[in-house]
Amino acid sequence: MAVPARTCGASRPGPARTALSRPRRGPQPGPGAPRPASGPPRRLLRLLPPLLLLPLLAAPGASAYSFPQQHTVQHWARRLEQEIDGVMRIFGGAQQLREIYRDNRNLFAVQENEPQKLVEKVAGDIEGLLARKVQALKRLADAAETFQKAHRWQDNIKEEDIVYYDAKADAELDDPEIEDVERGAKVSTLKLDFVEDANFKNKVNYSYTAVQIPTDIYKGSTVILNELNWTEALETVFTENRRRDPTLLWQAFGSATGVTRYYPATPWRAPKKIDLYDVRRRPWYIQGASSPKDMVIIVDVSGSVSGLTLKLMKTSVCEMLDTLSDDDYVNVASFNEKAQPVSCFTHLVQANVRNKKVFKEAVQGMVAKGTTGYKAGFEYAFDQLQNSNITRANCNKMIMMFTDGGEDRVQDVFEKYNWPNRTVRVFTFSVGQHNYDVTPLQWMACANKGYYFEIPSIGAIRINTQEYLDVLGRPMVLAGKEAKQVQWTNVYEDALGLGLVVTGTLPVFNLTQDGPGEKKNQLILGVMGIDVALNDIKRLTPNYTLGANGYVFAIDLNGYVLLHPNLKPQTTNFREPVTLDFLDAELEDENKEEIRRSMIDGNKGHKQIRTLVKSLDERYIDEVMRNYTWVPIRSTNYSLGLVLPPYSTFYLQANLSDQILQVKYFEFLLPSSFESEGHVFIAPREYCKDLNASDNNTEFLKNFIELMEKVTPDSKQCNNFLLHNLILDTGITQQLVERVWRDQDLNTYSLLAVFAATDGGITRVFPNKAAEDWTENPEPFNASFYRRSLDNRGYVFRPPHQEALLRPLELENDTVGILVSTAVEFSLGGRTLRPAVVGVKLDLEAWAEKFKVLASNRTHQDQPQKQCGPSTHCEMDCEVNNEDLLCVLIDDGGFLVLSNQNHQWDQVGRFFSEVDANLMLALYNNSFYTRKESYDYQAACAPQPPGNLGAAPRGVFVPTIADFLNLAWWTSAAAWSLFQQLLYGLIYHSWFQADPAEAEGSPEARESSCVMKQTQYYFGPVNASYNAIIDCGNCSRLFHAQRLMNTNLLFVVAEKPLCSQCEAGRLLQKETHSDGPEQCELVQRPRYRRGPHICFDYNATEDTSDCGRGASFPPSLGVLVSLQLLLLLGLPPGPQAHQVHAHTSRRL
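What you see is a predicted model; the values in this text were computed from it and never measured.

(A) Broad picture of the state of the cysteines. Taken as a whole and assessed by the stated rule, the structure comprises six disulfides. A sulfur-sulfur distance of 1.8 Å marks the disulfide that ties Cys 446 to Cys 1107. Between Cys 446 and Cys 1107, the S-S dihedral sits near 85°, and the bridge is therefore right-handed. Here Cys 446 is found in helix H14 (residues 439-446), whereas its partner Cys 1107 is found in the loop between helix H32 (1079-1082) and helix H33 (1117-1128), with 661 residues between them in sequence. The buried category is assigned to Cys 1107, whose relative accessible area is 7%. The disulfide partner of Cys 688 is Cys 718, and the gap between their sulfur atoms is 1.9 Å. Residues Cys 688 and Cys 718 are joined through a disulfide that is right-handed, its torsion about the S-S bond being 105°.

(B) The arrangement of the nonpolar core in detail. Core analysis: the largest hydrophobic core is formed by 98 residues, its most contacted members being Leu 751, Leu 923, Tyr 929 and Phe 1051. If you tally residues by element for this core, the top one is helix H2 (residues 70-92), at eight residues. Both domains that meet at this core, namely domain 1 (83-112 + 657-803 + 813-844) and domain 5 (886-939 + 1009-1073), each give it at least three residues. With near-sequence residues (within four places) excluded, Leu 923 lies in contact with Ile 890, Phe 928, Tyr 929, Phe 1039, Ala 1041, Leu 1050 and Val 1052. Judged by nonpolar contacts, the second largest core, of 43 residues, contains Leu 562, Leu 567, Ile 600 and Tyr 638.

(C) Local environment of the pairing of strand S19 (residues 551-555). Counted residue by residue, S19 has five buried out of five residues, so it is predominantly covered. Side chains Tyr 551, Phe 553 and Ile 555 of S19 all project onto a buried face; the interleaved residues Val 552 and Ala 554 project onto the opposite face, where all are buried too. The pairing of S19 with strand S23 (residues 639-644) spans five bridges and is antiparallel. Its bridge partner being in S23, Ile 555 is matched across the sheet by Ser 639. For S19 and strand S20 (residues 561-563), the ladder comprises two bridges, and the chain directions are antiparallel. Bridge pairing in S20 places Ile 555 opposite Val 561. In this structure, the hairpin formed by S19 and S20 is closed by a connection of five residues, where Gly 559 is found at a positive phi of approximately 85°.

How each quantity is defined
Residues numbered from 1 in each chain as written. Predicted model: local features only at pLDDT ≥ 70, side-chain atom pairs only at ≥ 80, totals over all residues. Heavy atoms only, no water. Disulfide = S-S within 2.5 Å. Helix = DSSP H or I, 4+ residues; strand = E, 2+ residues; numbered from the N terminus. Buried < 20%, exposed > 50% of the residue type's maximum accessible area, 1.4 Å probe, protein only. Core = buried A, V, L, I, M, F, W, Y, C linked by side-chain atoms within 4.5 Å. Domains from an automatic or database assignment. Contact = heavy atoms within 4.5 Å. Pairing = 2+ DSSP bridges.

Okay, structure coming up:
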C-alpha cells in the first residue's frame, strides 16, 4: 500500500517549545487515588522485586504536567537498558557459558570451513553422482535404438499378442465409466505384487516395467501395439542398470507416440477425475525432444471465426503454450485486417510460467470481427522473429497460425521474409468444421518446412498442438551422434510421488531406413530419462558444519535454483517446472545480480557482501555480512554456490574419547534428570540409520535413548560428528544449569524460563515445567530466534506472534512470555566462534508493570508518587500519567513488545500500526523504520470459485427445437461440430471451464500456487534520540523515540491522541495476495540468462515432403443420425473413436 508522504498524520522533526509545555487534562491521581479507568493490572506488583536491579536515580525536574523533556526520556531509556543488561548478565549466562567452553576446550577441536575447497568438493561429488546416471542413460538410449532397428513392423498385431503391465489397469477396472470393450481387452495385462520402497516413496516391483498410455489414445491401435512390442526389450536394460547402480530411481522411456514405459513398475497414481497425463507434455520430454524455440503464434479473429471455432482456437493456443519450456521464447498475436499482440507483450518473451499465464488470460479476450488478412498476420510474425534487439532463444524459429481457412497464400510475404533459406518454419492449423478449401494452408506449411494440422474438435487439440515437435526433431535425428547430448532439466514435481526431481534426458532416434539406398529416417522415437531426487543431491552438501545461517545453493542457466534452503514450494503443479529464480529466493540487490551472472557464465568466484536477509518466520529483516563462493558443476548446466557468515568460518568438533564422560553426559539426556537439570529438546537429526524419526520430540528422544542403549556414539551406522557434538553440548549446557540457573530465583525478576540452544542440537529449558509452554522448533537451525541472535549483536527481543485477525493473547496462568536471546561468542587461539544462543523468557504482565516504573520518576514501587497539584509543576511519566502518555517498546520489525497501557497487553506481538496507526506512520516517515517489499512465488492459495457453476460452457452454440426439426440443420457443419463437441465432451467436458490440474485430480484442485506480497520493516538509519510532533491541527501529538542500546528495541513516548479526526494511512505488514510485479514491465528488463549451448534447427539433408495433409471427411447424414442415437441412448463411443486419434497421433 502506498503511504502518503506528509499528510494528516505525518510528523515534523525538531522540538516545539510551545507544545512541549502544553498542559494536559489536569491533575493526575496521586499514589492514594483510585486506579485510572484503563483497568487494574491482571497481576499484582508483588511480582516486582522490592528494589529494581539497578541503583536508580530520580529523573531531572520538569515543567507543569508537560510532555517529558528529551533528557528525561533518555534517562528512562538508560534505566531500561541497564535493567535488561543486568538481568541478561545474571540469568542469561552468556559470559558463564563462554567460560564453560574454555574450561572444556580439551573436549573439542576447532575446525575451519574453507569455502573454496568445500564448494569444489561438493561440486565434484554432484558431478560424480550425475555422471553415473548419464552412463545408465546412454546405455538405455543406445539399446532402444538397437531394439527398434531390429524390430519388424506387424500390421496384423493384436492386443492378445502383447503382455505387459498396464499401470492404470487397476484404477480403470474400478472405474464404472471405462468402456466394456476396453475392460475386456485387459486380459493381456499382467497382475503384479508390489513391495514398499522408501527410496521411491511408493510400492514397486523390480522385476517388471510399467506402461502408461494417455487416455485419449486407443491402446489397441497398431501403432501402440508395435510400440509396446519393441520397447518390452528395454526391461532387461533397466534391470541391469539398477544392478550396476542400486541408487537409480525412475528410469523412463517417453515415446513420441505417447507411450511411457518406466522402471521399476508401480501402479499409476490414479487421479480423481480424468487422467490427462501425456509424457510428450512433460518438461523433461519437451527439453529432450527439440532444441530451444522462438515461436510466434498468430490467431485468425476475422468475423467467420465465431462460437465453437473461436473457443477451439483459444484452447488450442493455451495447449500450444504448454508445449514450451523456459528455454523457449514466444509471442501471441491476433489478426484480421490488422495484426496486434493479444497481451501487453510487444516482442518475444521467455515462455516461463508467469508469462504464459499472461498469454492464456489475454487469449480469452479475443473477439471475432472483420475480414481475414493473412498478410498482416505473417508480416507481424516475421517482424517479431527478425527483431535482434531482444533476448531470445536464437535457435528454431517458427510461426504457428490458427485459422478457419482462407484463399490467400501470401507467397509475396514468404518471398520477402523467408525464401530462399526458409529459416522460419510455418505450421498451419485448420480449426473447426467448415467447407473451406484447405489447400492454401497446406501449401503454406509445405513451402516453409512446416506441417499442416487439422483441429476439427476438442479431442484433436492436445495431439495436434504437440506433433510439431516431431518436425523440430528432424535436424537432431539427422545430426546423429552430435545431437546425442545429455541435458539436465529444471526442477519439477515427479508425477509418481517422488517429490522434487531433476531429470537427465537423451533423445532416442529412429535409425531404420525404408529400403536399400533410401534416405535416413528423420523421426525421433522419443526421449530417455533418469530422475535424480533433490534430496539425494542435498545429501552431498555439508549439513551442520556451516552453522545455522550457512548454506549451499545451485542454479541453472536460467538462474533458477536447483538447491536452496528457500526452495519450498507449498504446492506444485506437475504440468509445470518449479522455477524459482535465485533473486527471488533471496532479497535481490546488485551484488547478487553480479554473482548470479557470473554463475550462469560458468565462472568461479568469491565475494563478501553486506546484504539483507529475511528471518525464518518472514517477519523481520536483518542487514548482515555474507561470503559467497561459487564454481561450475562440470558436465552439467548447473553452478554451485556456498554462503557463509563470517562467524561460521570455524566450528566445533567434539572429541569425546573418554567413554566414562560419554556415559556421564548422556545421563543428562534422560528424562529422569529433567526436574533438576531442566528439560532437554534434541534436534531431530539423522544421528543413526536405525533411528526412528518422529515429529513428537518426546517420542524422538525416547527412540534416541533406546537406540543409544544398543549402539555406541562411535558405531559405524551412526554419524559420529553429530552424536559426539550432541553429547558434548548436553554436558556443556548442564554445567550452565549447575553454575548459574539452579541457584537463581527466577520469580524474583519475573522470568518464566531461561534457556540455551546450541549448534550441536541441544535446547535446554529451565525449569522443567517451563517446557510445557515451550513452542520453539527443537532444531535450533530452524528456530527463528536462534538464527537472528547469531546475526545480531546484543539482546534480541521477540514477542509472541499474533495475527491481526486472531483473538488477543490469553494472559492466563502466567504463560505468555517475551523471548530475549543473545549469541555466545568466544575466541580460542584467534579463532572466533558462535556455537550457542542463551536467553530468558520474560513474564509479560510483570515486565509491563516493571516497564512503567522504569519509565517513571520513581525508583521502585514502594516509593510514593510525587504529588502534583494545580499549583505544582511536574513532568508526565509512563506510570502516573498513563491516561495521557503512551509509552511503548517496539522491536526492529515494528511489533509491540511492551506498553504502559493495560488494555494493550493482549496486543503484544501485533504490528504496531494495528495498535496505533498514526504513531507508527510517524515513525516510518521519520526514518526510524525502513520498508522492504518482496514477493513469495511459492505460496499456496485456496482456489477461486468458478463463475459459471452449473452453466454450460460459454460461447457454445445450443440448438433450438426448431433446429432439431430442420433437416438442413442436421446436415450442416454446425450440427457436425456440435456432435463432435458432445462426443468428445464425454471425456474432455472440463476443458473449456476447468483447469487441467483439477481434471487430473491433483492437489491443486483444492489449493493452487499463487503469489503473495510480503512487507517487512526494519530499523532505518536514525540511531539517535529524536523529538517530533505529529502535525494534525487540533489533533497534533508530541512524541519522542529512542533506540535502546545493545537491543533491537525502540522506546517511544507519545501523547495519547486527543481525537480521532486525523486518520492517517495505515501501514500494512500482513502478507497479501498479489499478482506479483507487473509482467509487462518486467519483460522490458529481463534478467540475464543463457540458453543451452547446442542448437539443432537445420540440416541440409532434411526431407520436408511430409508436411501434412487433410484428414477430414464430409459429414454424412447416416453417420450423424447414428451418433445422435448413440448419444441419446447414453452409450459411450467405442474404441474406433480412439483409434482415429491413435492413428493420426503418429505419422510413421
